[in-house]
Amino acid sequence: MAEVTIKQLADVVGVSVERLVTQMQEAGVKGKDTESTVTDEERQQLLAFLKRSHGEDAEVGEPKKITLKRKTTSTLKVGGGASRKTVNVEVRKKRTYVKREEVEETPVEEPVAAPVEASAVEQAPEPAVEAPVETPAAPAADEAPAVESKPEPVAETPERSVEKNKPSAEKPKPAAPAAAPAKPAEPAAEDPRKKRKERDNRRNERAERGESRRGKGGNNRPGQKPLRAPRHQGRNTPNQHGFERPTAAIVHEVSIPESITVAELAKKMSVKAAEVIKVMFKMGAMATINQPIDQDTATLVVEEMGHVAKPMQENAVEDALLESVAAHEGEASGRAPVVTVMGHVDHGKTSLLDYIRTTRVAAGESGGITQHIGAYHVETDNGMVTFLDTPGHAAFTAMRARGASLTDIVVLVVAADDGVMPQTEEAVQHAKAAGVPLVVAVNKIDKPEADPDRVKNELAQRDVIPEDWGGDVQFCNVSAKSGEGIDNLLESILLQAELLELTAVDDAPGQGVVVESRLDKGRGPVATLLIQNGTLKKGDIVLAGMNFGRVRAMLDENGAPLDAAGPAIPVEIQGLDGTPDAGDEFTVVSSEKKAREVALFRQGKFREVKLARQQQSKLENLFNNMQAGDVKSLNIVIKTDVRGSLEALTHSLEDLSTDEVKVNIVSGGVGGIGETDANLALASSAILIGFNVRADAQARAIVEREEMELRYYSVIYDIIDDVKSAMGGLLSPEFREEIVGTAEVRDVFKAPKIGAIAGCMVIEGTVYRNKRIRVLRDNVVIYEGELESLRRFKDTVNEVRNGMECGIGVKNYNDVKVGDQIEVYDTIEVQRTL
């Protein structure tokens with residue numbers, strides 16, 4: 001046969017080109033594609049491989065087994081009406097035929113007296129298989145000779161067949177010389193030459209003997225097609241359930257936390273949730289499977305169902321978590337110091353860090369002041385230092401206190417031209433309260449009016465004694481503008497860190513503190529963490545306060561991605577289910593289930609405390625409101641960019657409240673102003689304030705439609721000033737009396753219709769007819785009322801100016817005497833301010 005291509009050969013054989021190429025590769029013919037030619041040697045090599053794969057011996061040339069495969073495709077219609085679908089179903093069948101002589105050559109050592117339960121033929125997976133695929137081991141030399149490879153005669157007895165078809169599960173035993181040998185082979189009755197005739201003869205033999213695939217004595221009728229052997233045939237295990245019902249009731253000891261759902265309680269008692277719901281219904285309490293119940297109710301249910309209840313302690317969940325984290329021990333090694341830069345506003349804290357980091361952070365801050373905690377780590381010649389930059393404005397007191405508690409060393413920045421200011425004193429107090437050593441950086445020494453000695457004197461009055469004065473505080477004169485003294489400051493910081501001997505365990509689960517958190521529109525909740533111990537890795541499950549989640553991404557302060565971060569490294573992570581509060585501790589938890597359990601426990605505890613505070617405030621203010629009347633309130637909805645700014649704003653605005661006007665923070669959150677915030681402000685008649693955030697389109701539509709007040713701010717003290725003005729507008733106006741004129745009585749006339757008429761001289765200001773008056777005698781008010789008439793000569797006038805005479809008639813008062821003074825005054829309304 002001439003050379004042909006792969007494609008032509010596949011058409012001739014009747015298989016796909018891909019399958020033919022795969023078979024040729026398996027046969028050792030490689031490097032062929034669709035258009036490649038196939039030589040005669042390669043075809044012979046492929047044919048020999050296919051024969052070997054079908055059990056044919058290469059030397060004998062006759063196949064010992066052959067495998068037939070069949071594939072049928074049908075369609076199945078599923079559903080009805082519009083949802084009716086047609087599914088293609090493909091059924092593949094595979095049958096393997098083994099030559100009879102392979103089974104008959106198996107030696108038989110012992111005669112079988114009792115009927116066997118299964119034969120070797122039953123192990124075959126398909127009906128057409130006459131013997132197991134596995135070839136038995138060759139007989140030993142001292143065993144009986146094998147039976148000749150000839151078909152059995154039709155007249156062979158059933159016992160003979162049983163002996164030859166002994167189950168292959170029995171292990172052959174070596175036969176002794178004196179043992180009963182196997183029966184010699186009978187002469188062949190016939191010698192079929194075709195496989196079809198041979199197969200038919202064997203089937204007729206089994207039918208006449210009454211045998212089937214189930215073994216001798218099967219219940220198949222003669223001539224009936226044998227049944228398929230069951231899959232469990234040949235196993236000695238009885239057909240019964242593996243679970244045995246306990247004879248006695250099992251009593252469980254159930255540990256019950258403060259709150260537990262019905263499903264979790266049922267799981268702990270090893271019963272179905274429906275049983276627990278049924279017991280609660282009988283006890284008079286209806287609950288669903290996911291409904292949480294308190295500890296007392298769960299205890300009653302457990303005891304009602306015959307188990308032992310073991311109430312857990314209040315903080316058992318958190319204590320167990322802390323114990324599991326503390327169980328990780330490792331070798332402690334040195335770590336970088338965490339340094340917090342504190343000081344008064346505009347004294348140059350951020351600019352000092354800018355020079356150290358060689359960046360420009362201060363230029364990007366609104367109003368040139370820091371309003372967030374910034375965390376950075378800097379590589380110096382002597383080692384790494386982690387810096388925390390805190391705000392200096394008075395509104396960020398809590399943020400500065402938090403920064404002092406996170407740190408190892410506090411760098412107090414004081415401007416040489418400004419001296420010690422209120423926030424400088426506060427920073428000293430925070431450092432002393434936290435027990436953190438101080439390093440003073442006297443900044444702006446490049447200015448002509450700089451006076452470093454004045455700073456030393458003022459700080460010495462507050463128990464901050466310099467080293468050269470016999471104290472323990474290092475003073476460094478620096479300039480953030482020129483860079484003078486920066487190296488000396490870094491050396492002082494690292495020297496102080498060496499004295500502290502700071503250590504941490506690197507190979508433990510990460511632990512630390514949340515520095516800041518915010519809600520990013522594209523990335524979701526983002527938290528800035530400071531790792532204090534252990535290593536935080538990407539993919540870890542983090543529990544931070546009342547929030548938890550898996551770390552999906554981890555970045556450094558420059559936005560570069562990280563896979564792991566060690567102690568004293570600030571990182572920014574994504575993946576939490578919310579924005580934790582700044583200052584919350586975080587820890588890496590082994591499983592998400594444990595993290596969720598602790599987070600839910602903390603949320604429930606926070607909710608209970610919040611409700612208790614609200615109830616307490618209602619009871620305390622109940623009688624005060626009844627006595628003092630309605631106190632006016634200014635409702636505010638605040639949205640900020642980060643959690644720390646929200647905390648500072650909330651405290652600052654609540655501190656503005658007075659006895660007459662109260663600032664009520666209806667809602668405060670992190671992120672942009674949404675439709676929900678606008679609807680809440682509309683319902684509560686509140687002012688919408690956005691600090692470094694903006695409203696979306698839906699919120700703006702509500703604000704424009706309802707003509708609500710929405711204000712954007714980027715500097716915190718602008719908010720405080722505007723809220724003060726708004727509170728002043730809610731104050732009740734103040735009324736003041738202003739004297740506009742005074743007249744002295746010179747004579748009194750009697751008029752029959754009017755009564756006493758006082759002839760007066762205006763000695764000060766102007767006397768008006770329609771304003772109120774007071775009658776004074778010897779500078780004592782004896783009457784207060786109104787004018788009835790004001791005349792000049794005989795004409796009635798509305799006003800009489802200074803130095804002119806007039807006649808005044810006092811309404812409902814006739815006891816006017818010479819020498820009295822008539823004082824005319826006006827009441828004016830004065831708007832109050834805070």
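Residues numbered from 1 in each chain as written. Predicted model: local features only at pLDDT ≥ 70, side-chain atom pairs only at ≥ 80, totals over all residues. Heavy atoms only, no water.

(A) Local environment of the overall build of the protein chain. Per the secondary structure count, the protein chain includes 20 helices and 37 strands. Taking all 834 residues of the protein chain together, the buried fraction comes to 41%. Look at the contacts in the protein chain between residues 6 or more apart in sequence, and 69% of them connect residues 24 or more apart. Carbon and sulfur atoms provide 49% of the accessible area of the protein chain, an area that totals close to 48200 Å². (Helix = DSSP H or I, 4+ residues; strand = E, 2+ residues; numbered from the N terminus. Buried < 20%, exposed > 50% of the residue type's maximum accessible area, 1.4 Å probe, protein only. Contact = heavy atoms within 4.5 Å. Areas by Shrake-Rupley, 256 points an atom, 1.4 Å probe, with all protein chains shown as cover.)

(B) Quick peek at a nonpolar patch on the surface. A surface patch of nonpolar side chains, about 230 Å² in accessible area, is lined by Leu76, Val78 and Val87. Leucine 76 sits in the partly exposed class, given a relative accessible area of 47%. (Patch = residues over 30% accessible without salt bridge, like charges linked within 9 Å, V, L, I, M, F, W, Y side chains within 5 Å. Salt bridge = Lys/Arg side-chain N within 4 Å of Asp/Glu carboxyl O.)

(C) A look at a positive patch on the surface. Together, Arg70, Lys93, Arg95 and Arg203 line one region of the surface with positive charge. You can see arginine 203 is positioned in helix H6 (residues 195-209). Looking at arginine 203, the relative accessible area reads 47%, which means it is partly exposed. (Lys, Arg positive; Asp, Glu negative; His and termini not counted. Charge placed at Lys NZ, Arg CZ, Asp CG, Glu CD.)

(D) Representation of the environment of serine 714 in the model. Topologically, serine 714 is positioned in the loop between strand E28 (710-713) and helix H20 (716-730). Using a relative accessible area of 32% as the deciding quantity, one classes serine 714 as partly exposed. Along the backbone, serine 714 and threonine 640 are 74 residues apart, and their C-alpha atoms lie at a distance of 9.7 Å.

(E) The packing of helix H18 (residues 675-683) against helix H19 (residues 697-706), seen in detail. One way to put it is that H18 packs onto H19 with a least axis distance of 7 Å and a crossing angle of 25 degrees. Taken together, H18 and H19 sit at an angle that is classed as roughly parallel. Once H18 is placed against H19, the crossing between them reads as right-handed. Together, Glu675, Ala678, Asn679 and Leu682 of H18 and Gln698, Ala699, Ile702 and Glu706 of H19 make up the contact between the two elements. (Axes fitted to C-alpha atoms, helices over the stretch in contact; angles between N-to-C directions. Parallel < 35°, antiparallel > 145°, perpendicular 65-115°, else oblique. Left-handed = near helix turned anticlockwise from the far one by under 90°.)

(F) Looking closely at unusual backbone geometry. Positive phi values are uncommon outside glycine, yet alanine 568 reaches one of about 65 degrees. Following the sequence through the fold, alanine 568 ends up in the loop between strand E22 (564-565) and strand E23 (570-576). The exposure class of alanine 568 is buried, given its relative accessible area of 1%. The phi torsion at asparagine 812 lies on the positive side, around 60 degrees, for a residue other than glycine. Residue placement: asparagine 812 occurs in the loop between strand E36 (805-810) and strand E37 (821-830).

(G) Spotlight on the sheet that holds strand E26 (residues 661-670). An order of E26-E25-E27-E28 is seen for the 4 strands of this open sheet, with the pairing classed as parallel. The outermost strands of the open sheet, each flanked by one partner alone, are E26 and E28. Looking at each pair of strands side by side, their axes are set apart by 25 degrees on average, direction ignored. Bridge count between strand E25 (residues 632-640) and strand E27 (residues 687-691): 5 bridges; the pairing is parallel. By the bridge assignment for E27, isoleucine 636 is matched with isoleucine 687. (Pairing = 2+ DSSP bridges.)

(H) Summary view of the packing of aromatic side chains. What the rule picks out here adds up to 1 aromatic pair. Summarising the aromatic geometry, the rings of tyrosine 783 and tyrosine 813 are spaced 4.6 Å apart at their centres and angled 10 degrees between planes, so their arrangement reads as stacked. On the criterion of sequence distance, the pair formed by tyrosine 783 in strand E33 (residues 780-792) and tyrosine 813 in the loop between E36 and E37 is long-range, its members being 30 residues apart. A cation over a ring is seen here: arginine 774 above tyrosine 825, with NZ or CZ 3.9 Å from the ring centre. (Phe/Tyr/Trp six-rings, centres within 6.5 Å; stacked < 30°, edge-to-face > 60°. Lys NZ or Arg CZ within 6 Å of the ring centre and 35° of its normal.)

(I) Here's a closer look at the sheet that holds strand E21 (residues 547-555). Strand order in this closed barrel of 6 strands is E17-E18-E23-E21-E20-E24, and the pairing throughout is antiparallel. The sheet shows a mean angle of 45 degrees between the axes of neighbouring strands, direction not considered. By the bridge criterion, 4 bridges tie strand E20 (residues 541-544) to strand E24 (residues 585-589) in an arrangement that is antiparallel. Paired with alanine 544 across the two strands is phenylalanine 586, which belongs to E24.

(J) Up close: the nonpolar core. Judged by nonpolar contacts, the single largest core of 26 residues is most densely connected at Leu529, Leu536, Val542, Val571 and Ile573. When residues of this core are traced back to their parent elements, those giving at least two are strand E12 (383-389), strand E17 (511-520), strand E18 (524-533), E20, E21, E23 and E24. By residue number, the principal contributor to this core is E18, which donates 4 residues. Sequence-distant contacts of isoleucine 573, defined by excluding residues within four places in its chain, comprise Pro525, Val526, Ala527, Leu529, Leu536, Val551, Ala553 and Met554. With 24 residues, the next largest nonpolar core counts Leu353, Tyr376, Val378 and Val413 among its residues. (Core = buried A, V, L, I, M, F, W, Y, C linked by side-chain atoms within 4.5 Å.)

(K) A look at the environment of valine 262. Here valine 262 shows up in helix H7 (residues 262-268). Placed 15 residues apart in sequence, valine 262 and isoleucine 277 show a C-alpha to C-alpha distance of 7.6 Å. In contact with valine 262, not counting residues within four places along its chain, are Ala273, Val276, Ile277, Met280, Ala287, Thr288, Ile289, Gln291 and Ile293.

(L) Spotlight on the packing of helix H1 (residues 6-13) against helix H2 (residues 17-26). One way to put it is that H1 packs onto H2 with a least axis distance of 9 Å and a crossing angle of 105 degrees. One finds that H1 runs roughly perpendicular with respect to H2. From H1, Ile6, Lys7, Leu9 and Ala10 reach across to H2, where they touch Val17, Leu20, Val21 and Met24.

(M) Structural context of the pattern of salt bridges. Evaluated as defined, the whole model comprises 25 salt bridges. Note that aspartate 677 is salt-bridged to lysine 639, the shortest N-O span being 2.8 Å. Highlighted residues: aspartate 677 in helix H18 and lysine 639 in strand E25, separated in sequence by 38 residues. The burial state of aspartate 677 is the same as that of lysine 639; both residues are buried. One salt-bridge network, in which partners are shared between bridges, spans Arg518, Asp520, Arg523 and Glu572.

(N) Region of the structure containing helix H15 (residues 486-500). In a regular helix each residue adds 1.5 Å, so 15 residues correspond to 21 Å; H15 covers 21 Å between its end C-alpha atoms and thus fits that length. Ile486, Leu489, Leu490, Ser492, Ile493, Leu494, Gln496 and Ala497 are the residues of H15 that are buried. Where H15 terminates, the next one or two residues include glutamate 501, which has phi positive at roughly 55 degrees. (Expected span 1.5 Å × (residues − 1).)

(O) A look at helix H13 (residues 422-434). For H13, with 13 residues, the first-to-last C-alpha span of 19 Å sits near the 18 Å given by 1.5 Å per residue. Residues of H13 that are buried: Gln423, Thr424, Glu426, Ala427, Val428, His430 and Ala431. Immediately beyond the C-terminal end of H13, within one or two residues, lies glycine 435, with a positive phi of roughly 70 degrees.

(P) Region of interest: the state of the cysteines. Counted by the stated rule, this structure contains 0 disulfides. In this model cysteine 806 remains outside any disulfide bridge; the closest cysteine sulfur is found in cysteine 760, 5.4 Å from its own. (Disulfide = S-S within 2.5 Å.)

(Q) Spotlight on the environment of leucine 653. Here leucine 653 lies in helix H17 (residues 643-654). Overall, the relative accessible area of 0% leaves leucine 653 in the buried class. Once residues within four sequence positions are removed from consideration, leucine 653 is found in contact with Ile636, Ile638, Val663, Ile665, Ile719, Ile720 and Val723.

(R) Up close: the side chain of asparagine 635. Along the chain, asparagine 635 turns up in strand E25. Within the local environment of asparagine 635, its side chain forms a polar contact with the backbone oxygen of serine 684, the two atoms lying 2.7 Å apart. Dropping the residues within four chain positions of it, asparagine 635 is found in contact with Asn664, Val666, Ser684, Ser685, Ala686 and Ile687. (Polar contact = N/O pair within 3.5 Å; in protein donor to acceptor, adjacent residues only side chain to side chain.)

Limitation: the analysis is restricted to geometry and does not speak to function.
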